[in-house]
Amino acid sequence: MHPLRHLACSRWSCLLNSRAPCVKTLFHGDQRRLFNTSNSRMTIMPAWVIDRYGSNDVLRFTKNAGFPIINYPNEVIVKVHAAGLNPIDVSMRGGYGAATMAMKRDPLNINQSGSEFPLILGRDMSGVIMECGLDVAPAYFKEGDEVWAAIPPWKQGSLAEFVVLSANEVSKKPKCLSHIEAAAVPYVAATALSALVNTGGLNKDNCAKKRILILGGSGGVGTFSIQMLKAWGAHVTVTCSQNAERLVRGLGVDHVVDYTAGPVEVPLRALEKFDLVLDNVGGDTENWALGLLKPWCGAKYVTLVTPFLRNTDRLGIADGMLQTGVTVASKALKHLSKGVHYRWGMFAPNGPALDDISEMVDAGKVLYSLNVHFLS
């Protein structure tokens, strides 16, 4: 069994099989018309939605969700074959990030109703392109292409029969993976790439022999990061529980520290200092983790646990962003004076980056990304 098949079986994935006819979108001037091959207009589809924020009881299955349409010429409509959930979906179900997501969806406040409901969750998707906008070059995507994507949190998600995305948010699915297997990877891959490459400044050309510490190495982002960094030649140390040690060592980790054996910072301080720390844990880790970095060598601490969305939810967009800016700037300046860099990492949709991941998966350099989460 391919390692990713085992992964897909262990992850909560949603397989959506549809017998819906092919849909065609025709543009003429400012008019948009939606047709299908049976000449009957297709305006609804099955989906899991929420109509308010709360716990699992807010989830509702409907056969009458609005069918997505191409609003911009660089968009594609994808028929979803498999969808995956991530911790962000569980948080969004309860209202996490609602203020910021509302601004991203409608920055000019054109929608006077101000409601994001019914909202479709699901950040991971694997499926088949059904329709391409006029600006989508056939050399990149065409109808029938098998693709995968990490869907931005401000867009309608993958727990539906169809989804519309920008062409630069999707990528050709790895040939060696089924749709169910592929739906386990994109969001954690995009998050890890954003943190390590965009924020951390690492890449395949500068990573050799660098010492990297991953705090919380056995989760989805951690396991994916391990494989990518090892493929790039880095020396990787991780923290995890004793139960997960076999997993991370199987991915090629050089050194493992068991955080259940006592204060984890004690054995970490006894090690040679690091070029980069990726923090998937948060809490009080930043109080001691920056002391593990090589001073005055460009070393960086990158945390994926930030207060940005909590600030905007609690204080509103303007005050929340101001508070966030003050917080990150003060911390960055404080640690820069000690010769190390403090950074926040965040998810960023990136189809071209997923192209690289697809190649790595097909080449066997990334075997699997353990990402087991449930809505509970």
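Anything mentioned here points back to the structure above.
Residues numbered from 1 in each chain as written. Predicted model: local features only at pLDDT ≥ 70, side-chain atom pairs only at ≥ 80, totals over all residues. Heavy atoms only, no water.

1. Side note on the overall build of the protein
And step 1. Scanning the protein from terminus to terminus reveals twelve helices and 16 strands.
And step 2. The buried share of the protein, reckoned over its 376 residues, is 50%. (Helix = DSSP H or I, 4+ residues; strand = E, 2+ residues; numbered from the N terminus. Buried < 20%, exposed > 50% of the residue type's maximum accessible area, 1.4 Å probe, protein only.)

2. Comments concerning the sheet that holds strand β11 (residues 211–215)
And step 1. If you walk across this open sheet you meet the six strands as β13-β12-β11-β14-β15-β16, and the pairing is parallel. Of all strands in the sheet, those bounded by a partner on one side alone are β13 (255–258) and β16 (341–344). The mean angle between the axes of side-by-side strands here comes to 15 degrees, regardless of whether they run parallel or antiparallel.
And step 2. Bridge count between strand β15 (residues 300–303) and β16: four bridges; the pairing is parallel. Bridge pairing links Lys300 to His341 in β16. (Pairing = 2+ DSSP bridges. Axes fitted to C-alpha atoms, helices over the stretch in contact; angles between N-to-C directions.)

3. What to know about the packing of aromatic side chains
And step 1. Going through the model one piece at a time under the given rule, you end up with five aromatic pairs.
And step 2. Relative to Phe347, the ring of Tyr187 has its centre 4.4 Å away and its plane inclined at 20 degrees; by these criteria the two rings are stacked. Here Phe347 lies in the loop between β16 and α12 (351–362) and Tyr187 lies in helix α5 (residues 186–199), a separation of 160 residues in the sequence.
And step 3. Look at Phe347 and you get buried, because its relative accessible area is 16%.
And step 4. When the ring centre of Trp154 is taken as origin, the NZ or CZ atom of Lys104, which lies over that ring, is 4.4 Å away. (Phe/Tyr/Trp six-rings, centres within 6.5 Å; stacked < 30°, edge-to-face > 60°. Lys NZ or Arg CZ within 6 Å of the ring centre and 35° of its normal.)

4. Some details on the packing of helix α10 (residues 308–315) against helix α11 (residues 317–336)
And step 1. Orientation of α10 relative to α11, taken along the N-to-C sense of each, is 145 degrees, at an axis distance of 7 Å. In the crossing of α10 with α11, the sense of the turn from one axis to the other is right-handed. On α11, the residues that touch Phe308, Asn311, Thr312 and Leu315 of α10 are Ile317, Asp319, Gly320, Met321, Gln323 and Thr324.
And step 2. In terms of residue class, the contact of α10 with α11 is built from four nonpolar, five polar and one charged. (Left-handed = near helix turned anticlockwise from the far one by under 90°. Contact = heavy atoms within 4.5 Å. Nonpolar A, V, L, I, M, F, W, Y, C, P; charged D, E, K, R; others polar.)

5. A closer look at unusual backbone geometry
And step 1. Here Phe117 and Pro118 are connected by a cis peptide whose omega angle stands at -5 degrees.
And step 2. With respect to the helices, strands and loops of the structure, Pro118 is situated in the loop between α3 (98–105) and β7 (124–132).
And step 3. Residue Lys209 is not a glycine yet carries a positive backbone phi of 70 degrees.
And step 4. Under the relative-accessibility criterion, Lys209 is labelled exposed at 75%.
And step 5. Even without a glycine there, the phi angle at Trp296 is positive, about 60 degrees.

6. Let's talk about empty space enclosed by the protein
And step 1. Applying the stated criterion across every chain, the model contains one cavity of 30 Å³ or more.
And step 2. Quantified by volume, the largest cavity comes out at close to 40 Å³.
And step 3. Around the largest cavity, the lining residues are Tyr53, Met92, Tyr96, Gly97, Ala98, Met101, Arg105, Glu116 and Leu119.
And step 4. Top element by residues in the lining of the largest cavity is α3. It accounts for three residues.
And step 5. Split by residue class, the lining of the largest cavity holds six nonpolar, one polar and two charged. (1 Å grid on protein atoms, 1.4 Å probe; cavity = no way out; pocket = protein on both sides within 12 Å on 5 of 7 lines; lining within 4 Å. Points joined across faces, edges and corners; volume = space filled by probe spheres on them.)

7. Points about the pattern of salt bridges
And step 1. A full pass over the atoms with the stated rule returns ten salt bridges.
And step 2. Two residues, Lys173 and Glu146, come together in a salt bridge whose shortest N-O distance is 3.4 Å. One end of the pair, Lys173, is in the loop between β10 (170–172) and α4 (179–182); the other, Glu146, is in strand β8 (residues 146–150), and 27 residues separate them in sequence.
And step 3. Glu146 sits in the partly exposed class, given a relative accessible area of 40%.
And step 4. The closest approach of N and O atoms between Asp254 and Lys230, which form a salt bridge, is 2.8 Å. (Salt bridge = Lys/Arg side-chain N within 4 Å of Asp/Glu carboxyl O.)

8. Remarks on α12
And step 1. Helix length check: α12 (twelve residues) gives 16 Å between terminal C-alpha atoms against 16 Å at 1.5 Å per residue, within 8%.
And step 2. Taking the backbone nitrogen of Ala353 as reference, a side-chain oxygen 2.9 Å away marks Asn350 as the first, capping residue of α12. (Expected span 1.5 Å × (residues − 1). Polar contact = N/O pair within 3.5 Å; in protein donor to acceptor, adjacent residues only side chain to side chain.)

9. Quick word on the side chain of Ser166
And step 1. Structurally, Ser166 is set in strand β9 (residues 162–166).
And step 2. Polar side-chain contacts of Ser166 include one of 2.6 Å to the side chain of Asn168.
And step 3. Beyond its immediate stretch of four places on either side in the chain, Ser166 contacts Asn74, Glu75 and Lys155.

10. What about the nonpolar core?
And step 1. Core analysis: the biggest nonpolar cluster contains 41 residues, and Val76, Met125 and Phe141 have the highest contact counts within it.
And step 2. Sorting the residues of this core by element identifies β4 (44–50), β6 (75–84), α2 (87–93), β7, β8, β9 and α5 as the ones contributing at least two each.
And step 3. At five residues, the largest contribution of residues to this core is made by β6.
And step 4. Not counting residues within four places of it along the chain, the set of residues in contact with Met125 comprises Val78, Val80, Ala82, Val147, Trp148, Ala149, Ile151, Ser158, Val163, Leu165 and Pro186.
And step 5. With 38 residues, the next largest nonpolar core counts Ala182, Leu196, Leu276 and Ala353 among its residues. (Core = buried A, V, L, I, M, F, W, Y, C linked by side-chain atoms within 4.5 Å.)

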